[in-house]
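# Structural description and commentary
Okay, here's what each chain looks like letter by letter:
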Amino acid sequence: GGRRMRKTADLFQTTTRVHNEREKVDQRIMAGEKGEGALVTAVVFAQLAIILCYRVILKAGTCAWQSALPALAAAPALILPGRAAAKRGVKPFLLLPLLPALLADMLLALTALLDLSATFLLPGEGRFALALAVCVFGLAAQLSSGMPALARLARMLAVPFILTLLFSILTSLSVARLGNLTPILGKGILPTLSASLFMIGCVWSAPLPILLDRENGGKKAPRALRYSMLAVGLCILTALAVALLWPMEALIQPLSPAKRMMLLNETSASTLVWSLLVFAWILLLMLAIGASAQAFQDIALDVAPVKKRGWVFLALPYALVLWPAAAGNEKMTKWLVALSPWRAALMALSIVLCLVF
């Protein structure tokens, strides 16, 4: 009788343990998907915000939010074929065209971070020393933790960042003017449409998690479309809020890009907004830098697998962007922003090659 009771107890205990372990696995998978989705949102939104502040607002004025609208169609236009390519199998060397786009992402994000820091946090400090500190810190953190840590951090920062943007807008409503949104096309239809090309180039990385998940045919990133659309939506709302708070004449003045990133702060009645917003931008840009470097390493390792020196492929993109970003060459930045649409073209090229071969 005692043996029978032990067997019965073991039976129920085993059933309960398996059930709990399965729930834990499911929760980990769901948390991983949400973390990767939050990282996609952060990277895409960071690039959209950079291009918005460095080029689109100056070019389109209060209609910058309209220039971001075509990116809502560009995201599924890249992600859906990307899913089809992932299901058929992705050859690692076909993703090599994406390496210049990843370097461009890193260079833009690091440049924006240095501009923001030099303007508001550490004026007069050497850009090279700050750039070196950012790159060394980012590399060391990724060597010890890797992509899962970036995904978890993105998930943790998602809600505070969105709340910071909303808080900035709500504390600035006293100067909002609906009349700023007229005329409908601001500086005209041609500048508005041409500015949209820069925004389309920013959603190029949305299919990247799908294409890099070659073992599972892209199944590990099922919500890539949803999160990339969320990023574009946040950009549109941010640009719309800026348009409500600032008239056309103020937006097309030759302000520095760093000051454009803090336009929501300039009209806020709260002194807390400044610190929240500037640190939110810095954390967001650091996430974008780290995610781009990690993707660079993943692609390079698939093409040239090395067991002991794989860290070199993670350090290489940091080394390549360090000096150009630290130099702070305005012409270089303008040239890099002008090439933004080509990032989406490189992604489209890789997807077509994956589908053909």
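In what follows, the accompanying structure is described. (Residues numbered from 1 in each chain as written. Predicted model: local features only at pLDDT ≥ 70, side-chain atom pairs only at ≥ 80, totals over all residues. Heavy atoms only, no water.)

### Some thoughts on the packing of helix α4 (residues 98-121) against helix α13 (residues 272-303)
Cut-off, in case you're wondering: Axis lines are fitted through C-alpha atoms, for helices just across the contact stretch, and the angle between N-to-C directions can take any value from 0 to 180 degrees. For the purposes of this entry, the term helix denotes a DSSP run of H or I that reaches at least four residues, the term strand denotes a run of E that reaches at least two, and both are numbered from the N terminus. Throughout, the term roughly parallel applies to angles under 35 degrees, roughly antiparallel to angles over 145, roughly perpendicular to angles from 65 to 115, and oblique to all others. Should the near helix be turned anticlockwise from the far one by less than a right angle, the crossing is left-handed, and should it be turned clockwise, the crossing is right-handed. Here the nonpolar group is Ala, Val, Leu, Ile, Met, Phe, Trp, Tyr, Cys and Pro; Asp, Glu, Lys and Arg are the charged ones; every other residue, Gly included, is treated as polar.
Contact pair α4 / α13: the axes reach a minimum separation of 9 Å and the direction vectors enclose 155 degrees. In this view, α4 runs roughly antiparallel relative to α13, as classed from their interaxial angle. Where α4 crosses over α13, the handedness of that crossing is left-handed. For the contact of α4 with α13, the class distribution of residues is 25 nonpolar, 2 polar and 1 charged.

### A look at a nonpolar patch on the surface
Test applied: Patch building starts from residues that exceed 30% relative accessible area and form no salt bridge, then joins like charges within 9 Å and nonpolar side chains (Val, Leu, Ile, Met, Phe, Trp, Tyr) within 5 Å. What sets the accessible areas is the Shrake-Rupley method with a 1.4 Å probe; for residues, cover comes only from the shown protein chains. Each reported salt bridge corresponds to a side-chain nitrogen of Lys or Arg within 4 Å of a carboxyl oxygen of Asp or Glu.
Together, Val-159, Leu-163, Leu-166, Leu-170 and Leu-173 make up a nonpolar patch on the protein surface, roughly 490 Å² of accessible area in all. On the secondary structure map, Leu-163 appears in helix α6 (residues 147-170).

### Here's the deal with the pattern of salt bridges
A side chain with one charge can pair with a side chain of the opposite charge if their charged atoms come near. Operational definition: In this scheme, a residue with accessible area under 20% of its type's maximum is buried, one over 50% is exposed, and one in between is partly exposed, where area comes from a 1.4 Å probe on protein chains only.
All told, the structure shown has 3 salt bridges when counted by the stated rule. The shortest N-O distance in the salt bridge between Asp-105 and Arg-343 comes to 2.5 Å. With Asp-105 in helix α4 and Arg-343 in helix α16 (residues 340-356), the pair connects residues that are 238 residues apart, well separated along the chain. A single burial state applies to Asp-105 and to Arg-343, both of which are buried. As a salt-bridge pair, Asp-115 and Arg-127 come within 2.7 Å of each other at their nearest N and O atoms. Note that Asp-115 is positioned in helix α4 and Arg-127 in helix α5 (residues 127-144), a separation of 12 residues in sequence. One exposure class covers both Asp-115 and Arg-127, and it is buried.

### Regarding the side chain of Ser-196
What counts, and what does not: Here, two residues are considered to be in contact whenever any of their heavy atoms come within 4.5 Å of each other.
By the secondary structure assignment, Ser-196 is in helix α7 (residues 189-200). Apart from residues no more than four positions distant in its own chain, Ser-196 is found in contact with Ser-67 and Pro-70.

### Details of the packing of aromatic side chains
Our working definition: Note on aromatic contacts: the rings of Phe and Tyr and the six-membered ring of Trp form a pair at centre separations within 6.5 Å, being stacked when their planes are under 30 degrees apart, edge-to-face when over 60 apart, and tilted otherwise.
One pass over the full model with this rule turns up 4 aromatic pairs. Ring geometry for Phe-45 versus Phe-161: centroids 5.6 Å apart, planes at 70 degrees, classification edge-to-face. In this pair, Phe-45 is assigned in helix α1 (residues 2-60) and Phe-161 in helix α6, connecting sequence segments 116 residues apart. Under the relative-accessibility criterion, Phe-45 is labelled buried at 2%. Each residue in the set Phe-45, Phe-161 and Trp-281 is aromatic and connected to the rest through ring pairs, giving one cluster.

Don't take any of this as a statement about function, it's just geometry.
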